[in-house]
Amino acid sequence: MPYRYTGHSGNNTKAKAINQTANWKHTFIAEATKSSDNGMVTSQRSFLSGKSDYKLGIKSYVFGLLEYEDDRFSGFDYQASLIAGYGHKLLTGDSLSWDAEIGAGSKRSELNSGEKNDAGILYAGTELNWKISKSASFNEKLTVEDGDATTTKSVSALKTKINSKLASKITYTLKHVSEVPAGIEKTDRELAITLVYSF
């Protein structure tokens, strides 16, 4: 099973922007990861995501989600998903919040060979945010996409403030795909240690 360590041995860059009004919340994420071992590239991935939530009430909302991933070592040239669904806030405390989402959509994949595949997918996701203290917070996000293959992804992150603008962040990502191209592992793990700057 491949194990990726991005930190001293590679580059892990992530940008996140959130725009929020009374009824809308727009979230944009861009990630780029590249690592090497003895001059050989062992990980190279880019990821883009755009999500819009529209508030229906205090605890419920509808959303649209668009994701694009280009992972050199996945066996795919790219994978893109378009999903619409419903979300509910299970917990809304000051120190602990928890959301759950369900939805459906479509996914397009292109293998490195050029073969393309379009499939309908069902989507389920949950996200937990825990403010441990004034300087530390924990986030856990779990998503499942079920179509021609089932993709399960868990992202756990511990963030610690250094000062008002700078923080350190340790992220552990576990991704499992039930059906993959020949020669590709079904389970992928990634550990990232990064510095976070907030504007």
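1. Some words on the packing of aromatic side chains
What describes a pair of aromatic rings is the distance from one ring centre to the other and the angle between the planes of the rings.
Here comes step 1: Scanning the model with the defined rule gives 3 aromatic pairs in all.
Here comes step 2: Between the NZ or CZ atom of K153 and the centre of the ring of F47, over which it lies, the distance is 5.0 Å.

2. Let's talk about the pattern of salt bridges
Here comes step 1: In this structure the tally under the stated criterion is 9 salt bridges.
Here comes step 2: Measuring nitrogen to oxygen at the nearest pair gives 3.8 Å for the salt bridge that ties K14 to E31. Of the two residues, K14 sits in strand 2 (residues 10-20) while E31 sits in strand 3 (residues 24-37), which places them 17 residues apart along the sequence.
Here comes step 3: Among the ionic pairs, D53 bridges to K51, the shortest N-O distance being 2.6 Å. Both residues of the pair, D53 and K51, count as buried.

3. Considering the pairing of strand 3
Here comes step 1: As paired strands, strand 3 and strand 4 (residues 40-55) are joined by 14 bridges and run antiparallel to one another. Paired with H26 across the two strands is S52, which belongs to strand 4.
Here comes step 2: From the end of strand 3 to the start of strand 4, which pair antiparallel, there are 2 residues, and N38 there has a positive phi angle of about 55°.

4. Observations concerning the nonpolar core
Here comes step 1: Counting residues in each nonpolar core, the largest one holds 6 residues, listed as Y61, F63, L65, I83, I121 and Y123.
Here comes step 2: When contributions to this core are tallied by element, the ones reaching two or more residues are strand 5 (60-71) and strand 8 (116-131).
Here comes step 3: For this core, the element with the most residues is strand 5, which contributes 3 residues.
Here comes step 4: Non-local contacts of L65, meaning those with residues more than four positions away in its chain, are made with S49, G50, K51, S81, L82, I83 and Y123.

Each value, and the rule that gives it
- Residues numbered from 1 in each chain as written.
- Predicted model: local features only at pLDDT ≥ 70, side-chain atom pairs only at ≥ 80, totals over all residues.
- Heavy atoms only, no water.
- Phe/Tyr/Trp six-rings, centres within 6.5 Å; stacked < 30°, edge-to-face > 60°.
- Lys NZ or Arg CZ within 6 Å of the ring centre and 35° of its normal.
- Salt bridge = Lys/Arg side-chain N within 4 Å of Asp/Glu carboxyl O.
- Helix = DSSP H or I, 4+ residues; strand = E, 2+ residues; numbered from the N terminus.
- Buried < 20%, exposed > 50% of the residue type's maximum accessible area, 1.4 Å probe, protein only.
- Pairing = 2+ DSSP bridges.
- Core = buried A, V, L, I, M, F, W, Y, C linked by side-chain atoms within 4.5 Å.
- Contact = heavy atoms within 4.5 Å.

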